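A structural walkthrough
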Amino acid sequence: MKMTGAEILWECMVREGVEVVFGYPGGANMPIYDAMLNYPVHHVLVRHEQGAAHMADGYARASGKVGVAMATSGPGATNLVTGIATAMMDSSPVVFVTGQVAAHLIGGDAFQEVDVTGITLPITKHNYLVTRADEVAEVVREAFYIARSGRPGPVLIDFCKNAQVEQAEFVFPDEVKLPGYQPPERAPQSDLEEAVRLIEKAQRPVILAGHGVLMSGAEEALAHFAVKTQTPIASTLLGLGAFPASHELSLGMMGMHGEVHTNLAIQNSDLILAFGMRFDDRVTGNLKTYASKAKKIHVEIDPSEVHKNVRVDVPLVGDLKNVLTDLIQMVDEYDHDEWLQQINEWKVDADSRSIMNWPNDDNLYVAHLVTDIWKATGGGAIVTTDVGQHQMWAAQYYPLEKPNRWITSGGAGTMGFGLPSAIGAWFAHKDQEIWAIAGDGGFQMTAAELTTAVQEGANVKVAIMNNNFLGMVRQWQEFFFEKRYSAVNMLTPDFVKLAEAHGVPARLVTKREEVNEAIEWARRTPGPIVIEFRVVQEDSVYPMVPAGASLDQMLQRPERAVK
Amino acid sequence: MQYTFIALVENKPGVLNRVASLFRRRNFNIESLAVGRTEKTDVSRMTMVVDCPNGDVDAHRIEANLYKLVNVIDVQDVSRLPAVTRDLALIKVKAGPEKRAEVNSLAAIFRARIVDVAADSVIVEVTGTEEKIEGMTELLRPIGIAEMVRTGQVAMTRGANSGIRRMPGMEDSHYEDDYEVAEMTP
Ligand SMILES: Cc1ncc(C[n+]2csc(CCOP(=O)(O)OP(=O)(O)O)c2C)c(N)n1
């Protein structure tokens, strides 16, 4: 059957399971928007294309499906760029469809022409320029396959306007033909055997669980392996939720703002089992002193990550779930009681400094507020964050029992991510409670999406942790620039009025005794809600490994309150 | 240290740009790059000579990232293997009738050919290894070089050998060399 390129796009997307897309129309994608009306796809009109990108990303992370974001050519496409890079850094499967000027105009600086495939080349897993209608079906099929398979990631389709309106015979390809793209499945037997030899000998093993555990759906295999071999699990920022935080083998988060006992366990281990993580500088600290006594096994689907930052002893290249399933068969049961006990001793020592044990001084601390939200929601909400101090406190104080409920921009650290990613997540799980935890700075970057939330009736609760500072930068200036505050003191709008102007009910909370009632009010009021918490202005996130320092050189919270 | 890589890539628009962009992004200097068709119409072959200041660590990173490109089918490092490498140069020499004999005899020594003769210049075509072409150029320089163009090196391993594939997880992968960790940026 003959169809227009735009129709073929939708026809293919529906077959790929697309139910919702986030986007913004313009001259170069009008035929796509016109054709959309005939397909059972819900379109979410955002207020800025960056919002569409983050929503599609949040949707993808919450649902495990491919998210879709669309924009017109030129400025529409360039507004997506931050969101594309964010998805790339965190391996999030999102397909971006941008309109492009007609093929015969390309290269001529036509109105709203920008070299989008050129700009996005280094921030996509792959991208396409479609100039003819008869290319559409194959390209869309490949784009979805590439986005979700192997190490997932964003794929962009730049769609020339003529190809949207021209007709072609529609054939949905049965399979993709990509001779250069074969994601590894299983690790070779000889490598597995070598790994088992190291596991057998280990006295002080630690598992480092990354985002790959979630992407591979390997949570059960991970738990099985850890329990069988009695190996404690430390998590990266994006790996949180892959293993229940309350489990006795869970060590919580590692790295720059990781737990003291967790980082000590890594530094003192004799075997590192890195599962679907990439030894980012935020988790390793100084590489020269990183886990120097440990042998290292690295299970990774992307071979370019192996030996990239850390030289490992046994790389196991394959899909984590498969590799773990194979390993579980091959390892015996071990116990590491002494080692686990040692880690526990470190933990008790660290607990004594915990902010949770502070007496109430009637100030609002983000750590306490996150804990209050955790208690109120029974730890079961989907939590998205923005970027900064509140993000680290959310990671530390919202312990997760289940996967795919923690949505945060890790690799890119993109401020403005919190609200739109929460809206995206809501489309994946309309029945679940969703909280976006944001700082006053980052919230303002994408605050316009509040209207989108209202228009869609998105049931997301936004907690703005207002410290009147770009807190994380202020903290670095306090620690590393002799407290010379430069461009971090921020005038904030009246967030309650701002929210209400968007049609969002809102409250300001300044006292401890108002906290729980406000949280409960937000939970029982349907639709989007904003709560502004006036928090302690100059609190800092601890523990902290200063950039470039050894992982065990942590700054710890002073024994008394900062103020 | 210079490394020579062979990459088989899908013959599609933009693939060369993807490969070149990979080197640019990671700040590697390409010494020479030659691209052409192969016996299969949908496959092109690239020979790349790249400067790798950190030796095998860089070579590994280049290979791994080449593989990451969806359109790259195969990558081999042929730097240290018995291989035939060839470069072709056209050199326009400022030589009127009185100097042609000299150019001719130099060309004969290098098994080069005179492919064009004009009133005041000749074009010499020389094929061979880098060194041979450099040698020939040096000898022609005193006579006067007006223009020169080179194709860049192409390479092929001898006999049944293929190049080294360093990708972890691949059947015949090699990765034995010392690995120096990079300095971390704050
Ligand atoms: C788009 C963007 N710009 C700048 C930064 C650098 N940055 C990291 S954290 C931070 C401060 C964030 O302040 P706020 O949103 O108020 O959160 P807080 O740290 O106070 O919790 C800044 C500016 C960033 N991560 N992203």
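Residues numbered from 1 in each chain as written. Chains lettered and ligands numbered in written order. Predicted model: local features only at pLDDT ≥ 70, side-chain atom pairs only at ≥ 80, totals over all residues. Heavy atoms only, no water.

Things to note about the overall build of chain B
Of regular secondary structure, chain B possesses four helices and nine strands. N-terminal to C-terminal, the α/β element order of chain B is β-α-β-β-α-β-β-α-β-β-α-β-β. A buried classification covers 44% of the 186 residues belonging to chain B. Sequence-distant contacts in chain B: of pairs separated by 6 or more residues, those separated by 24 or more amount to 72%. Of the accessible surface of chain B, which amounts to about 9900 Å², a share of 50% is contributed by carbon and sulfur atoms. (Helix = DSSP H or I, 4+ residues; strand = E, 2+ residues; numbered from the N terminus. Buried < 20%, exposed > 50% of the residue type's maximum accessible area, 1.4 Å probe, protein only. Contact = heavy atoms within 4.5 Å. Areas by Shrake-Rupley, 256 points an atom, 1.4 Å probe, with all protein chains shown as cover.)

Structural notes on the overall build of chain A
The secondary structure content of chain A amounts to 22 helices and 20 strands. A globule of 563 residues ought to have a C-alpha radius of gyration of about 24 Å, and chain A, at 24 Å, matches this closely. The C-alpha extent of chain A, read off along each of the three principal axes, is 70 × 65 × 40 Å. Scored against the burial criterion, the 563 residues of chain A give a buried share of 62%. When contacts within chain A are restricted to residue pairs at least 6 apart in sequence, long-range pairs at least 24 apart make up 75% of them. Counting every atom, chain A has about 21000 Å² of accessible surface; 50% of that belongs to carbon and sulfur. (Rg over C-alpha atoms; globule rule 2.2 N^0.38 Å.)

Regarding the sheet that holds strand S16 (residues 406-407) of chain A
All names here are of chain A. Ordered by their spatial adjacency, six strands build an open sheet running S16-S15-S17-S18-S20-S19, and the pairing between neighbours is parallel. Of all the strands in the sheet, just S16 and strand S19 (506-509) have a single pairing partner and so form its edges. In this structure, strand S18 (residues 460-466) lies alongside strand S20 (residues 529-534), joined through six bridges in parallel fashion. Each bridged residue has a counterpart across the sheet, and for Met465 the counterpart in S20 is Phe533. Each of strand S15 (382-385), S16, strand S17 (434-439) and S18 is contacted by helix H16 (residues 389-397), which is oriented at about 140° to S17, the strand it contacts most. Across the sheet, helix H17 (residues 418-428) touches S15, S16, S17 and S18, and the angle it forms with S17 is around 170°. (Pairing = 2+ DSSP bridges. Axes fitted to C-alpha atoms, helices over the stretch in contact; angles between N-to-C directions.)

Details of helix H3 (residues 100-109) of chain B
All names here are of chain B. Along H3, the residues classified as buried are Val103, Leu106 and Ala107. Burial along H3 is one-sided: seen end-on, the buried residues are contained in an arc of 100°. Facing away from the buried side of H3 by more than 90 degrees, the exposed set consists of Ala101, Ala108 and Ile109. Residues of H3 that are buried sit in contact with strand S5 (83-93), strand S6 (113-117), strand S7 (122-128) and helix H4 (130-140). A positive phi of about 50° marks Arg111, the residue just after H3. (Arc of directions from axis to C-beta.)

Describing unusual backbone geometry
Looking along the chain, the bond that leaves Tyr542(A) and enters Pro543(A) is cis, with omega of -10°. Relative to the assigned elements, Pro543(A) resides in the segment after S20.

Some thoughts on the domain arrangement of chain B
Per the domain assignment, the segments making up chain B are domain 1 (2-82 + 158-184) and domain 2 (84-150). One C-alpha centre belongs to domain 1 of chain B, the other to domain 2 of chain B; they are set 32 Å apart. (Domains from an automatic or database assignment.)

So, a nonpolar patch on the surface
All names here are of chain A. A surface patch of nonpolar side chains, amounting to about 270 Å² of accessible area, comprises Phe480, Phe481 and Leu555. With respect to the secondary-structure elements, Leu555 resides in the segment after S20. Relative accessible area serves as the criterion here: at 32%, Leu555 is assigned to the partly exposed category. (Patch = residues over 30% accessible without salt bridge, like charges linked within 9 Å, V, L, I, M, F, W, Y side chains within 5 Å. Salt bridge = Lys/Arg side-chain N within 4 Å of Asp/Glu carboxyl O.)

Quick word on the pairing of strand S7 (residues 155-160) of chain A
Residue and element names in this part refer to chain A. When you tally the buried positions in S7, you get six out of six residues, the bulk of the element. The pairing of strand S5 (residues 94-100) with S7 spans six bridges and is parallel. Looking at the pairing, Val95 lines up with Val155 of S7. Across five bridges, the pairing between strand S6 (residues 126-130) and S7 is parallel. Residue pairing in the sheet places Leu129 in a bridge with Asp158 of S7.

Thoughts on the sheet that holds strand S9 (residues 205-209) of chain A
Residues and elements named next belong to chain A. Within the open sheet, the six strands sit side by side as S11-S10-S9-S12-S13-S14. Their pairing is parallel. In this open sheet, the two strands that pair with only one neighbour each are strand S11 (250-253) and strand S14 (314-317). Looking at each pair of strands side by side, their axes are set apart by 15° on average, direction ignored. Across four bridges, the pairing between strand S13 (residues 295-300) and S14 is parallel.

A word on the side chain of Glu10(B)
Looking at the element boundaries, Glu10(B) is found in strand S1 (residues 2-10). With sequence-adjacent residues up to four places away left out, Glu10(B) is seen in contact with Pro179(A), Val15(B), Asp42(B), Val70(B), Asn71(B) and Ile73(B).

Let's talk about the pattern of salt bridges
Oppositely charged side chains are able to pair whenever their charged atoms sit close together. All names here are of chain B. Considering all chains together, one arrives at 33 salt bridges over all chains under this definition. The partner of Asp56 in a salt bridge is Arg80, and the shortest N-O contact between them spans 2.4 Å. With Asp56 in helix H2 (residues 56-68) and Arg80 in the loop between strand S4 (72-77) and S5, the pair connects residues that are 24 residues apart, well separated along the chain. When its relative accessible area of 10% is taken as the criterion, Asp56 is described as buried. As a salt-bridge pair, Glu147 and Lys92 come within 3.2 Å of each other at their nearest N and O atoms. Taken as a pair, Glu147 in strand S8 (residues 145-150) and Lys92 in strand S5 lie far apart in primary sequence, 55 residues in all.

Quick word on the interface of chain B and chain A
If you look at the interface, chain B gives 29 residues, while chain A gives 31 residues. Note on chain B versus chain A: buried area summed over both sides is about 2500 Å², and carbon and sulfur give 59% of it. The interface formed by chain B and chain A holds one salt bridge in total. The salt bridge partner of Lys68(B) is Asp302(A), with a shortest N-O separation of 2.8 Å. (Buried area = accessible area lost by both parts, 1.4 Å probe.)

Focus: the site of the ligand
Residues and elements named next belong to chain A. As a matter of local geometry, the ligand sits amid 17 residues, with Gln389, His390, Gly413, Gly442 and Gly471 nearest to it. Gly441 is positioned such that a nitrogen or oxygen atom in its backbone is 2.9 Å from an oxygen atom of the ligand. Looking at the shell around the ligand, the elements with two or more residues in it are H16, helix H18 (440-445) and helix H20 (471-480). Of the residues forming the shell around the ligand, the biggest block, four residues, is contributed by H18. For the shell around the ligand, the residue count by class is seven nonpolar, nine polar and one charged. (Near = heavy atom within 4 Å. Polar contact = N/O pair within 3.5 Å; in protein donor to acceptor, adjacent residues only side chain to side chain. Nonpolar A, V, L, I, M, F, W, Y, C, P; charged D, E, K, R; others polar.)

Brief notes about the domain arrangement of chain A
All names here are of chain A. The domain architecture assigned to chain A consists of domain 1 (2-169), domain 2 (189-349) and domain 3 (354-534). A C-alpha centroid distance of 37 Å is found between domain 1 and domain 2. Contacts between the two partners involve eight residues from domain 1, matched on the other side by seven residues from domain 2. Looking at the side of domain 1 facing domain 2, the largest losses of area belong to Met89, Asp90 and Arg151, adding up to 64% of the total buried there. Applying the counting rule to domain 1 against domain 2 returns two salt bridges. A salt bridge links Asp302 to Arg151, with the shortest nitrogen-to-oxygen separation between them at 2.8 Å. Summed over the shared surface of domain 1 and domain 2, the result is three residue pairs in polar contact (both at pLDDT 80 or more). In terms of residue class, the side of domain 1 that touches domain 2 is made up of three nonpolar, two polar and three charged.

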